[in-house]
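A closer look at the structure
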Amino acid sequence: MAKLKYKRVLLKISGEVFGENGKGISLAAYEQMAKQIVKIKKENKIDLAVVVGGGNIFRGRFAEKSGFDMAVAHQMGMISTVINGLALQQCLEKIGEQTRMMTAIRMDAVAEPYLRRKALDHFEKGKIVIFAGGTGNPFFTTDSAAALRACEVGCDLILKATNVDGVYDKDPNKFSGAKLYKKISYREAIEKDLNVMDATAFALCAENKKPIIVFNVKKLNDISKALKGEPFGTLVN
Ligand code: UDP
């Protein structure tokens, strides 16, 4: 068996994955995701962190035209990630996986507050750690939370699950001739203005040399290839 290239991996799942056609909540989607996550962990014997998005429920920018205070709108977005985190945790535990959820916004009755040392301890004990609540700060995204937590807890790879096969030279949903990159450097991605992650998150990954693999969530079952360093989606490093 090919040797694993990565030991501690952070999986970023966009909230859209948990919705029906990207919106709302599909309990079946959490269940399916939980099964796949357990498979990845067992097959590859890696430490696994998960950052959940909330876009299926609420994004701060949904309120842009409503006259809402945007800081509050973003708090609503962050709390929506906690709903996804709780549901995913339930589904993981239902199939016997040990997990801990940590939130960036304190919700002590619901989950542990994020504490780096405690997260490291959970990895030592083989638990999957779900980071919810984004960064805890409005005006950021869960991509930034993924980049931040990956740097903080020493993940050696960020897996960004999307609904396309990787990073393209133009939007593949709009242009049929869009070219998929197999591999690209941080510098090239910036120069070509490719939309790998939001700019803040991407800058953090580039500065700290965190490799990112952008891939299609439908291919999550084959992710072991990526973890062995085989070509998969787009590798940004
Ligand atoms: N959010 C925030 N700060 C963070 C992370 C998220 O304010 O650190 C808010 C923001 O409004 C965002 C929403 O939470 O739109 C949901 O997160 P995101 O859009 O990243 O979810 P995804 O697109 O991954 O489903």
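Predicted model, so just to flag it, every value in this text is computed and none were measured.

Conventions we followed
- Residues numbered from 1 in each chain as written.
- Predicted model: local features only at pLDDT ≥ 70, side-chain atom pairs only at ≥ 80, totals over all residues.
- Heavy atoms only, no water.
- Helix = DSSP H or I, 4+ residues; strand = E, 2+ residues; numbered from the N terminus.
- Rg over C-alpha atoms; globule rule 2.2 N^0.38 Å.
- Buried < 20%, exposed > 50% of the residue type's maximum accessible area, 1.4 Å probe, protein only.
- Contact = heavy atoms within 4.5 Å.
- Areas by Shrake-Rupley, 256 points an atom, 1.4 Å probe, with all protein chains shown as cover.
- Lys, Arg positive; Asp, Glu negative; His and termini not counted.
- Charge placed at Lys NZ, Arg CZ, Asp CG, Glu CD.
- Phe/Tyr/Trp six-rings, centres within 6.5 Å; stacked < 30°, edge-to-face > 60°.
- Lys NZ or Arg CZ within 6 Å of the ring centre and 35° of its normal.
- Patch = residues over 30% accessible without salt bridge, like charges linked within 9 Å, V, L, I, M, F, W, Y side chains within 5 Å.
- Salt bridge = Lys/Arg side-chain N within 4 Å of Asp/Glu carboxyl O.
- Near = heavy atom within 4 Å.
- Polar contact = N/O pair within 3.5 Å; in protein donor to acceptor, adjacent residues only side chain to side chain.
- Nonpolar A, V, L, I, M, F, W, Y, C, P; charged D, E, K, R; others polar.
- Pairing = 2+ DSSP bridges.
- Axes fitted to C-alpha atoms, helices over the stretch in contact; angles between N-to-C directions.
- Parallel < 35°, antiparallel > 145°, perpendicular 65-115°, else oblique.
- Left-handed = near helix turned anticlockwise from the far one by under 90°.
- Disulfide = S-S within 2.5 Å.

With that settled, consider the overall build of the protein chain. The secondary structure content of the protein chain amounts to seven helices and 11 strands. In summary, the protein chain has a C-alpha radius of gyration of 17 Å against a globular reference of 18 Å for 237 residues, a match within 12%. Scored against the burial criterion, the 237 residues of the protein chain give a buried share of 51%. Within the protein chain, residue pairs in contact and separated by at least 24 positions form 70% of the contacts whose partners lie at least 6 positions apart. Total accessible area on the protein chain is roughly 11,900 Å²; 51% of this is exposed by carbon and sulfur atoms. Averaging the locations of the 37 positively and 26 negatively charged side chains of the protein chain gives two centres separated by 4 Å.

Using the criterion set out here, one finds five aromatic pairs in the structure. Centroid distance Phe 215 to Phe 232: 5.8 Å. Interplanar angle 45 degrees. Geometry classified as tilted. Within this pair, whereas Phe 215 is found in strand E10 (residues 212–216), its partner Phe 232 is found in the loop between helix H7 (223–227) and strand E11 (234–236), the two being separated by 17 residues in sequence. The pair formed by Phe 215 and Phe 232 is uniform in burial state, with each residue classed as buried. When the ring centre of Tyr 114 is taken as reference, the NZ or CZ atom of Arg 149 above it lies at 3.6 Å. Residue placement shows Arg 149 over the ring face of Phe 131; its charged tip is 5.8 Å from the ring centre.

A contiguous nonpolar surface patch, about 280 Å² in accessible area, is contributed by Ile 25, Leu 27 and Ile 83. Structurally, the position occupied by Ile 25 is in the loop between strand E1 (8–13) and helix H1 (27–44). Using a relative accessible area of 43% as the deciding quantity, one classes Ile 25 as partly exposed.

The next subject is the site of the ligand. As a matter of local geometry, the ligand sits amid 20 residues, with Arg 59, His 74, Thr 135, Asn 137 and Thr 142 nearest to it. Between the ligand and Gly 55, the relevant distance is 2.7 Å, taken from an oxygen atom to a main-chain nitrogen or oxygen of the residue. Arg 59 places a polar side-chain atom, nitrogen or oxygen, 2.6 Å from an oxygen atom of the ligand. Protein burial of the ligand: of its 510 Å² of free accessible surface, 94% is covered by the chains. Looking at the shell around the ligand element by element, the count peaks at three residues for helix H2 (residues 70–94). Residues belonging to the shell around the ligand are distributed by class as follows: five nonpolar, 13 polar and two charged.

Moving on: the sheet that holds strand E5 (residues 128–132). Strand order across the open sheet formed by nine strands is E4-E3-E5-E2-E1-E6-E10-E11-E9, with mixed pairing between neighbours. Edge positions in the sheet fall to strand E4 (112–113) and strand E9 (183–184), since each has one partner strand and no second.

Turning to the side chain of Gln 36, a few remarks are in order. Its place among the elements puts Gln 36 in helix H1. Taking relative accessible area as the criterion, Gln 36 reaches 11% and is therefore assigned buried. Once residues lying within four places of it in the same chain are set aside, the contact partners of Gln 36 are Leu 220 and Asn 221.

This part covers the packing of helix H4 (residues 142–152) against helix H6 (residues 199–207). Packing of H4 against H6 brings their axes to within 7 Å, and their N-to-C directions diverge by 20 degrees. Taken together, the axes of H4 and H6 are roughly parallel relative to one another. Relative to H6, H4 is oriented so that their crossing is left-handed. Only Thr 200, Ala 201, Leu 204 and Cys 205 of H6 make contact with H4, whose side of the interface consists of Asp 143, Ser 144, Ala 147, Leu 148 and Cys 151. Within the contact of H4 with H6, the residues separate by chemical class into six nonpolar, two polar and one charged.

Another point: the state of the cysteines. Evaluated as defined, the whole model comprises zero disulfides. We note that Cys 151 lacks a disulfide partner, and the nearest cysteine sulfur, in Cys 205, lies 6.1 Å from it. Exposure remark for Cys 151: the relative accessible area of 25% places this residue in the partly exposed category. For Cys 155, which is in no disulfide, the shortest distance to another cysteine sulfur is to Cys 151 and amounts to 9.0 Å. Overall, the relative accessible area of 1% leaves Cys 155 in the buried class.

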